[in-house]
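Chains, contacts and geometry: an overview
The primary structure of each chain is shown beneath.
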Amino acid sequence: MDQNSSPGAIDGISEPCFSFGVISDIQYADLEDGYNFVGTRMRYYRYSLHHLQGAIEEWNEESNHLFFVLQLGDIIDGFNAQYKVSEESLQNVLKEFEKLKAPVHHTWGNHEFYNFSRDYLRNSKLNTKFLGDQIAHCPETTPSENYYTYHFVPFPKFRFILLDAYDLSVLGMDQSSPKYQDCMKMLKEKNPNKELNNPQGLSEPRFVQYNGGFSQDQLDWFNAVLTFSDTNQEKVVVVMFLFTQMPLMIHALPGITEMLSQSFGLINVWCVSLLVTLMMVGTAILMVCTILRW
């Protein structure tokens, strides 16, 4: 990249290819303001809907055509399940998204699974697999129904890949299923605490009940899509809900080049993901209108 070029420009060219919106952690509930799990920050359950409305209004007024929006998970708060209003709250949020002029791609976070089973989500409007693209003559890039993943190309040579970060999890799973039993066994081996959401004293604090992981099947599928993109010199954007021990932020960072596998050469990879602390730090609406450039 030319050091004199503008930030975000690639090879000195600054004309935008396309733009898209990113929003996360709406965590709506028709409840009075409260505090997070550890009682350190306010959570504005009801007011989060107003933030979403503001984001949608701005997106609809964008001078540059908005190709799509990524909704990165936790669309409603887990408290909805306690008050048995999960479906009603979800409909209130989806009603606002219907006003958006661009399509929405949904990912699933832990709060989706506090409210709904995986089977429910698979048959809900939060399943946007129908917006995915199929790669002809490459069947290994067709995702299984066992996990929620897909990929799409909004602009030539750019491929977005949505991953299922709760493919391996005890949340949303039928407790009689072998997958649930395997996940619970792994969790208890890594986390001896009586409260499985408590990371205290763990050498690997990611092993808590509200976290998740990727199955080998999903990783094999991901590898196949990346191999195709590498062969065809596509730029890849990976979209997921992700827990880490870093501060709350959203990443939509162009220009990160990584060696993803021994089978690949160097390929350009972007990451759009929700990074949150071990304990949720409150309802936060983070809106980014990101422009990708050649």
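These numbers were taken from a predicted model, which means no experiment stands behind them.

Reading the values: rules and limits
- Residues numbered from 1 in each chain as written.
- Predicted model: local features only at pLDDT ≥ 70, side-chain atom pairs only at ≥ 80, totals over all residues.
- Heavy atoms only, no water.
- Core = buried A, V, L, I, M, F, W, Y, C linked by side-chain atoms within 4.5 Å.
- Buried < 20%, exposed > 50% of the residue type's maximum accessible area, 1.4 Å probe, protein only.
- Helix = DSSP H or I, 4+ residues; strand = E, 2+ residues; numbered from the N terminus.
- Contact = heavy atoms within 4.5 Å.
- pLDDT = per-residue confidence, 0-100.
- Phe/Tyr/Trp six-rings, centres within 6.5 Å; stacked < 30°, edge-to-face > 60°.
- Lys NZ or Arg CZ within 6 Å of the ring centre and 35° of its normal.
- Salt bridge = Lys/Arg side-chain N within 4 Å of Asp/Glu carboxyl O.

Quick look at the nonpolar core
L70, I75, V93, F97 and F160 are the most contacted members of the largest nonpolar core, which totals 43 residues. Counting only elements with at least two residues in this core, the list comes to β1 (16–23), α1 (48–60), β4 (66–71), α3 (86–97), β6 (150–155), β7 (158–162) and β8 (235–243). Apart from residues no more than four positions distant in its own chain, V93 is found in contact with I26, Y28, L49, L52, I75 and I76.

Quick notes on the confidence of the model for the protein
Here the protein averages 79 in pLDDT, while 76% of its residues score no lower than 70. A low-confidence stretch, residues 1–10 (pLDDT under 50), is modelled with eleven contacts involving residues beyond four sequence positions or located in other chains. In this model, residues 244–294 is a region of pLDDT below 50 whose contacts with residues beyond four sequence positions or in other chains number 182 contacts.

Concerning the packing of aromatic side chains
Under the definition given, this model contains 20 aromatic pairs. Here the aromatic rings of F68 and F152 are separated by 5.1 Å at their centres, their planes lie at 90°, and the arrangement is edge-to-face. With F68 in strand β4 and F152 in strand β6, the pair connects residues that are 84 residues apart, well separated along the chain. One exposure class covers both F68 and F152, and it is buried. Considering the side-chain rings of W108 and Y148, the 3.9 Å spacing of their centres and the 5° angle between planes classify their relative orientation as stacked. Here W108, found in the loop between β5 (104–106) and α4 (110–115), pairs with Y148, found in the loop between α5 (118–122) and β6; they are 40 residues apart in sequence, far enough to count as distant. The residue whose ring lies beneath K235 is F158, and the NZ or CZ to ring-centre distance is 6.0 Å.

Topic: the pattern of salt bridges
Within this structure, the stated rule accounts for twelve salt bridges. Here R46 ties to D30 by a salt bridge, and the two come within 2.6 Å at their closest N and O atoms. Residue R46 is found in the loop between β3 (42–43) and α1, and its partner D30 is found in the loop between β1 and β2 (34–35); the two are separated by 16 residues along the sequence. As a salt-bridge pair, D167 and K179 come within 2.6 Å of each other at their nearest N and O atoms. In this pair, D167 sits in the loop between β7 and α6 (178–190) while K179 sits in helix α6, placing the two residues twelve residues apart along the sequence. Its relative accessible area of 0% is what places D167 among the buried residues.

A word on the environment of G172
You can see G172 is positioned in the loop between β7 and α6. Remark: the alpha-carbon pair of G172 and R118, spanning 54 residues in sequence, is separated by 5.1 Å. Discounting residues that sit within four places of it in the chain, G172 has contacts with F113, F116, S117 and R118.

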